[in-house]
Structures are given as C-alpha cells and as structure tokens.
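In case you want the letters, here they are:
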Amino acid sequence: MAPVRHPDAPAPGELLGAHYEQCFGCGGEQAHGLHLAARAGDGVSVTAEFTVREAHQGAPGLAHGGVLASALDETLGSLNWLLRTIAVTGRLETEFVRPVPVGTLLYLEAEVTAVARRKIYSTATGRIGGPDGPVAVRAEALFIEVRVEHFIDNGRPEEIRAAMSDPDQVRRARAFEVNP
C-alpha cells in the first residue's frame, strides 16, 4: 500500500526534535552523538542534517561507516513519527558511495515507499554539503511496527520508568518511536 501521512503528523518544515535525549542519533544529552536534526517533509518524508565531528571518524579525517549507517537509520526511523507508528529497524541495507570528511555537513532525505500491515519500507540518501551536493551514502530499510511493550520488556527498567514518567505527553510518546 502507498504510505499515508497521519493527520496529526507534524507539518512540513516542522523540526521533529529528539525522540529521546539519550539517543545516540538525535539526543541532546549524548556528548559524542550525532545531534541529528530532522524536519518533516511533504507526504511521508523527512530531511535531516548532522555535521561529522572528530568523535565520528573511522579512518583519519573521515567519518566511520557505522556512524553514517547510524545517521541513515535515525533519519529513516524519524519517518515513523509521520505515520504515528512505533516501529523498529528490521533491516538496513547501506551503500557507501564516497568518503565523508570530518567537518562535513551531511544532508539526508528519506521517504516511506510502502506499508504492508506491520512492515514499513523506506529509502534514504545522504549528500555532502546540502541537498544538491554529491551523494555519499544511500540506504533501504524495513521497519516493523511494534507495541510499546517491546521496549518495556527489553529495555533497562530505570530508563523506561524515566521516559514513561515524563510529564510532556509528546516526548513520552516519542521516546519509544524508533529504538531497535
């Protein structure tokens, strides 16, 4: 089926913010995290940006491939907020096209391509410097819709309690949106 944006999804251009402050991908409390900032796009799409820092390097002066895969996964996972679905990464296939130097802004675009019951199919592209920059990375992903009990049953109890006791209903709901 073609994906359908939830009527309560953030408006195009709206900053999505961190789904959980301790998230390596988008959380503000992670000193060496990506601090990835995602925005809702048209339809069921998002754009995101992060700057590759020294803590993100693998080979000298270049981003670690795992960090780039994490940025793609985080961006793809943000799509689930537009569907208002709790989902986890089931499969992530990444293609590394060119090296990404430290200090580079990586601009990411992602969209949901199809939904089949609990399965959500999506793609993403990362470009160096901005939306018109050269392609550095691509990904295709399969996310699986889960219930919040997935996190309660498998997460660390003290962190689950902290997230569930957050008085901000939106942050409380978003804490469980894209974690594996």
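Quick caveat: nothing in here was measured; it's all calculated off a predicted structure. (Residues numbered from 1 in each chain as written. Predicted model: local features only at pLDDT ≥ 70, side-chain atom pairs only at ≥ 80, totals over all residues. Heavy atoms only, no water.)

A.B. asks: Would you explain the pattern of salt bridges in this entry?
C.D. replies: Applying the stated criterion to the full structure yields three salt bridges. Across the pair Arg91 and Glu93 runs a salt bridge, and its minimum N-O distance is 3.8 Å. According to the relative accessible area criterion, Arg91 is partly exposed, its value standing at 34%. A salt bridge links Glu109 to Arg127, with the nearest nitrogen and oxygen atoms 4.0 Å apart. One end of the pair, Glu109, is in strand 4 (residues 105-116); the other, Arg127, is in strand 5 (residues 119-128), and 18 residues separate them in sequence. (Salt bridge = Lys/Arg side-chain N within 4 Å of Asp/Glu carboxyl O. Buried < 20%, exposed > 50% of the residue type's maximum accessible area, 1.4 Å probe, protein only. Helix = DSSP H or I, 4+ residues; strand = E, 2+ residues; numbered from the N terminus.)

A.B. asks: Even after reading the chapter, I still don't get the sheet that holds strand 2 (residues 45-51), so can you show me in this structure?
C.D. replies: Two pairing modes exist for strands in a sheet, parallel and antiparallel, and in both the strands are linked by backbone hydrogen bonds. The strand order across the open sheet formed by six strands is 1-2-4-5-6-3, and the pairing between neighbours is antiparallel. In the strand order of this sheet, the two ends are held by strand 1 (37-40) and strand 3 (87-96), each with one partner. Between one strand and the next, the sheet's axes are offset by a mean angle of 20°, whatever the strand orientation. Where strand 4 and strand 5 come together, ten bridges link them in antiparallel fashion. Considered in strand 5, the bridge of Glu109 is made with Thr125. (Pairing = 2+ DSSP bridges. Axes fitted to C-alpha atoms, helices over the stretch in contact; angles between N-to-C directions.)

A.B. asks: When you look at the confidence of the model for the protein in this model, what are you seeing that I'm missing?
C.D. replies: Close inspection of predicted coordinates is inappropriate in any region flagged by low pLDDT. Mean pLDDT over the protein works out to 88, with 91% of the residues at or above the 70 mark. Mean pLDDT in the protein bottoms out at helix 4 (residues 169-174), which sits at 63, and peaks at strand 5, which reaches 98. (pLDDT = per-residue confidence, 0-100.)

A.B. asks: Which parts of the structure should I look at to understand the nonpolar core?
C.D. replies: Note on soluble globular proteins: their nonpolar side chains tend to be buried together. Judged by nonpolar contacts, the single largest core of 36 residues is most densely connected at Leu36, Phe50, Leu76 and Leu108. Considering each element in turn, this core owes the most residues, nine residues, to helix 1 (residues 65-83). When neighbours within four sequence positions are excluded, Leu108 is seen to be in contact with Leu36, Val46, Thr47, Ala48, Phe50, Ala71, Leu72, Thr75, Thr125 and Gly126. (Core = buried A, V, L, I, M, F, W, Y, C linked by side-chain atoms within 4.5 Å. Contact = heavy atoms within 4.5 Å.)

A.B. asks: Even after reading the chapter, I still don't get unusual backbone geometry, so can you show me in this structure?
C.D. replies: Keep in mind that most residues, glycine aside, have a negative phi and that most peptide bonds are trans. You will see that His35, though not glycine, has its phi angle at about 55°, which is positive. As for its placement among the helices and strands, His35 is situated in the segment before strand 1. Look at His35 and you get partly exposed, because its relative accessible area is 34%. In this structure, Arg117 is a non-glycine residue whose phi angle is positive, near 55°. Using a relative accessible area of 79% as the deciding quantity, one classes Arg117 as exposed.

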